[in-house]
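Fold and contact review
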Amino acid sequence: MEEGYFGGEDGSEDELDERRDLFRYVTADNAAEYLAVMDQFTQTLLADLSAAEVSEALAKRGIALSPEDAEARCASLVRWKNLMPSTRDPRVPTVAALRHTRARFQVTRLGGTVHRQVTKVLQMRDGAREVARELLGSMAVLLSKILSRAQRPRAIDAEALAADVTTVFTNQAYFADSIRDFYAYLSSVLVRYDLAGEEYASFKGLLLEYVHLIDTDVSRHSPAVLKCLEDLQPVLDHVLSALDSLPGLASADGAPVERLPGRQYNDWAELLAWYSGGDSGMSGPAQLRAAAESALGQLLTNARRMLTPGGTGGARRSDLMHLAGLFAQASVEEAHRGFAAAFGAYPARHVSFGPEEADPRDTASTSWWDAGPVDVPVSLRERGDRTARGRTARVPDPGMDIARLQEEAAQELAARQTAGAELAAAGALDGAHLTPAARDLLLELVSMALAKELSPSQTVRVEDIDLHVAVDVAESDTDTVIKSDDGDTTFLRLVLKASAADEARPGDPPAESAADELTAGTDEDRQPPSAAGGVR
C-alpha cells in the first residue's frame, strides 16, 4: 500500500480537523464521482472493493470512470477518512491480476454515517414534513409499562424491558427531529415578503389547523409522559441493572462503546429535562407553544401588511414571474418594448407652455436636477390608482350568519336531547352501555351532584328539566362501571341511577292530586299536610 493512502503524512492533524475532512468529498471537484464511489461502498454490508471493481460497477450504472481515476478517488477518500485500506490479502492467479487488485478499500464507520446523512439531505424535499405526533401517546403507554416492571424488580423481563426502553428513546428522537424540521419549514415560509393570495390562504390553513393539532396532542400527552418519568426516578436503578444484565458489545482494545439510548443515567436525565425544562431551561412543550404563538403573530403581521390601504399592497411575485417568462421567450427588440411598457421606462421630456407665459416654466432643455418638483397624489404614487378615495363601504348583511348559528344551536340541542333520552332510559347505570354523548352528559350531572355534596351521605338527585333527565348519586361499597365505544368510565364507590325528570325516587311519598291541593287551599279549617308529605 502506498504511503499516500493514509491520512496526515506527519500525523499532526487533530481529531476535529479529521472530522471536518469527512465532508470534503461533497463539495470537492468531481463531487458526483465521489458520491457514486461512496454509494458503491455503502449499498452493501462489509463491502470490500478494489478500484477496478468500483469502475466496473459504476459502468453498469452508466457512469464512466476508469480504474486509474477510481483508484485516485478512493485514495482521496482514504486521506479524508471516509474509506480505509482493506487488510485482506487477495488471491489472484497472476502477477498482473495482483497489480490490478493490489489496493482494496472498505468504508469507515464515520464515513458511512456521513454518506447516509448526505444522501438523506440530497434526497430531501423542500416542502413540509409531517410531525410524528402519534408517538407521544405510545410513549406514555410504554413508560407506564416500564414503571410497572421496575416496581417489581424480581420479576423483570430484561428483554421486554430493553425493547420498551429502546422504543421510547427512538420515538422521542424521531418526534423531536420531525418537530424541528416542521418549524424550520414554517420559519422559511413566514419570512417571505411575497406570501399572498392562494398560497397565503393554504399556508394559513396549515398553520391554524395543523399547528393547533400538534399543540393539542402535546398538551394532552406530555403531562402523562412527565408524570411517568418523575415516578421512574426512584426505581431507575432497577431498570439500568436489568439492562446491564443483558449481553452487550465490548471493544477488544478497551475503547468505549457507544451504547443504545436509555442505558445510562444521563439519557434519562435529558429525557426528563426535555419535558420538565430542567433547572433553568424551557421545556420542549413550552417551546412548541412559544413557537406556535410566534408563527401566528407573524401570520397576522403578513395579513395586516396585505390589508393596510396605505402600505405596499399585495405581493407582485406572480406578475413578475409571468413577466420573466415573457422575457425568456421574446426577442431582443420585443424584450426592450416589453420592459418599456411594463415599467414605464420611456424617455423623459419636459413640455413648455410657449413664450407667451408670463412665468417661464421648465423647458425641454432644463435638467431634472434644476427643475422644480411635481406634486403627485399619494394614491397615485404608491398604488398607481387614480380613483377618488373616501367612499364608505356597504355594511354586510349578517342574516346568513345568524341563520347558520341558529341551525348549529338547533342541531346541538337535538343531540343533547337524544343523549338525555338515552340516559333517562338506562335506569341503573352499573354495566350499562352508553354512547359517548350520553356518557358526557352523565359526567356533567354527576359533577353537579358532587358539587352539592362532595361525599354524599345520602342520595343526591340532580335534574335537567330542559333535557328531561335526572340522576341519583349515592355512596356505595362497590364501583359503577359504564361502557362506551371509546372506553370504560369507572365511578369509585358510587352508585348511579338515571330516570326521567318527572319520575319519583324510591321512598318519596306520592304527590297530591290537583283536586286535593285545591280543596286544601280553600278549606282553612282543614288540618295542613305534614312536612313529610309535602309536594316536591
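The sections below set out a description of the structure shown in this document. (Residues numbered from 1 in each chain as written. Predicted model: local features only at pLDDT ≥ 70, side-chain atom pairs only at ≥ 80, totals over all residues. Heavy atoms only, no water.)

**Considering the overall build of the protein**
The criterion, for reference: Secondary structure counts use DSSP, requiring at least four H or I residues in a row for a helix and at least two E residues in a row for a strand, with both numbered from the N terminus. Relative accessibility decides the category of a residue: with a 1.4 Å probe and only protein chains considered, values under 20% of the type maximum give buried, values over 50% give exposed, and everything between is partly exposed. Residue contacts are counted whenever heavy atoms from the two residues lie within 4.5 Å of one another. All accessibility values rest on the Shrake-Rupley procedure with a 1.4 Å probe; residue burial counts only the protein chains present in the view.
Looking only at helices and strands, the protein has 19 helices and eight strands in total. Put simply, the protein has 536 residues, and 30% of those count as buried. Excluding contacts between residues fewer than 6 apart, the proportion of contacts in the protein whose partners are at least 24 apart in sequence is 64%. Accessible area for the protein stands at about 35600 Å²; split by element, carbon and sulfur atoms hold 54% of it.

**Some details on the sheet that holds strand β3 (residues 104-107)**
Which entries qualify depends on this criterion: Paired strands are those between which DSSP finds at least two bridges.
Taken in spatial order, the three strands of this open sheet run β1-β3-β2, and their pairing is antiparallel. Of all strands in the sheet, those with a lone pairing partner are β1 (49-50) and β2 (83-85), marking the two edges. Examined bridge by bridge, β2 and β3 share three bridges and lie antiparallel to one another. Paired with Met84 across the strands is Gln106, a residue of β3.

**Details of the layout of surface pockets**
Let me state the cut-off plainly: A 1.4 Å probe that fits into a set of points on a 1 Å grid over the protein atoms alone but cannot get out defines a cavity; an open set with protein on both sides within 12 Å along at least five of seven lines defines a pocket, and lining residues are those with an atom within 4 Å of a point. Grid points are joined across faces, edges and corners, and a volume is the space filled by probe spheres set on the points. Residue type decides the class: Asp, Glu, Lys and Arg count as charged, Ala, Val, Leu, Ile, Met, Phe, Trp, Tyr, Cys and Pro as nonpolar, and the leftover types, Gly among them, as polar.
Taken as a whole, the second largest pocket encloses approximately 260 Å³ of empty space. Mapped by element, the contributors of at least two residues to the lining of the second largest pocket are α3 (31-42), β3 and α7 (109-123). Among the elements that line the lining of the second largest pocket, the one with the most residues is α7, at four residues. Looking at side-chain class alone, the lining of the second largest pocket contains six nonpolar, six polar and two charged residues.

**Describing the packing of α3 against helix α5 (residues 67-79)**
Our working rule: Where helices are involved, their axes are fitted lines through C-alpha atoms of the stretch in contact, as for all axes, and angles between N-to-C directions lie from 0 to 180°. Our angle categories are set so that under 35 degrees counts as roughly parallel, over 145 as roughly antiparallel, 65 to 115 as roughly perpendicular, and the remainder as oblique.
At a minimum axis distance of 10 Å, the contact between α3 and α5 shows a crossing angle of 80 degrees. The pairing of α3 with α5 is recorded here as roughly perpendicular in orientation. Contacts between α3 and α5 involve Glu33, Tyr34, Val37, Met38 and Phe41 on the former and, on the latter, Arg73, Cys74, Ser76 and Leu77. Looking at the contact of α3 with α5 residue by residue, the class counts come to six nonpolar, one polar and two charged.

**Some words on the sheet that holds strand β5 (residues 469-475)**
As summarised here, the arrangement of the three strands in space is β4-β5-β8, forming an open sheet in which the pairing is antiparallel. Taken across any chain shown, the strands that pair with only one partner, and hence form the sheet edges, are β4 (460-464) and β8 (494-499). Taken over all neighbouring pairs, the strand axes of this sheet differ in orientation by 20 degrees on average, direction set aside. The sheet contact formed by β5 and β8 spans six bridges and is antiparallel. Bridging across to β8, Glu475 finds its partner in Leu494. Each of β4, β5 and β8 is contacted by helix α17 (residues 399-426), which is oriented at about 50 degrees to β5, the strand it contacts most. Running over the sheet, helix α18 (residues 436-452) touches β4, β5 and β8 and is turned about 130 degrees from β4.

**Let's talk about the packing of aromatic side chains**
Spelled out, the test is: Aromatic contacts are taken between Phe, Tyr and Trp rings whose centres are within 6.5 Å, Trp giving its six-membered ring; a plane angle under 30 degrees counts as stacked, one over 60 as edge-to-face, and the others as tilted.
A full pass over the atoms with the stated rule returns four aromatic pairs. For the pair Tyr34 and Trp80, a centre-to-centre distance of 5.5 Å together with 55 degrees between the ring planes defines the contact as tilted. Taken together, the residues Tyr34 in helix α3 and Trp80 in the loop between α5 and β2 connect sequence positions 46 residues apart. For Trp80, a relative accessible area of 10% gives the class buried. A ring pair is formed by Phe175 and Trp274, whose centres lie 6.2 Å apart and whose planes are at 75 degrees; its orientation type is edge-to-face.

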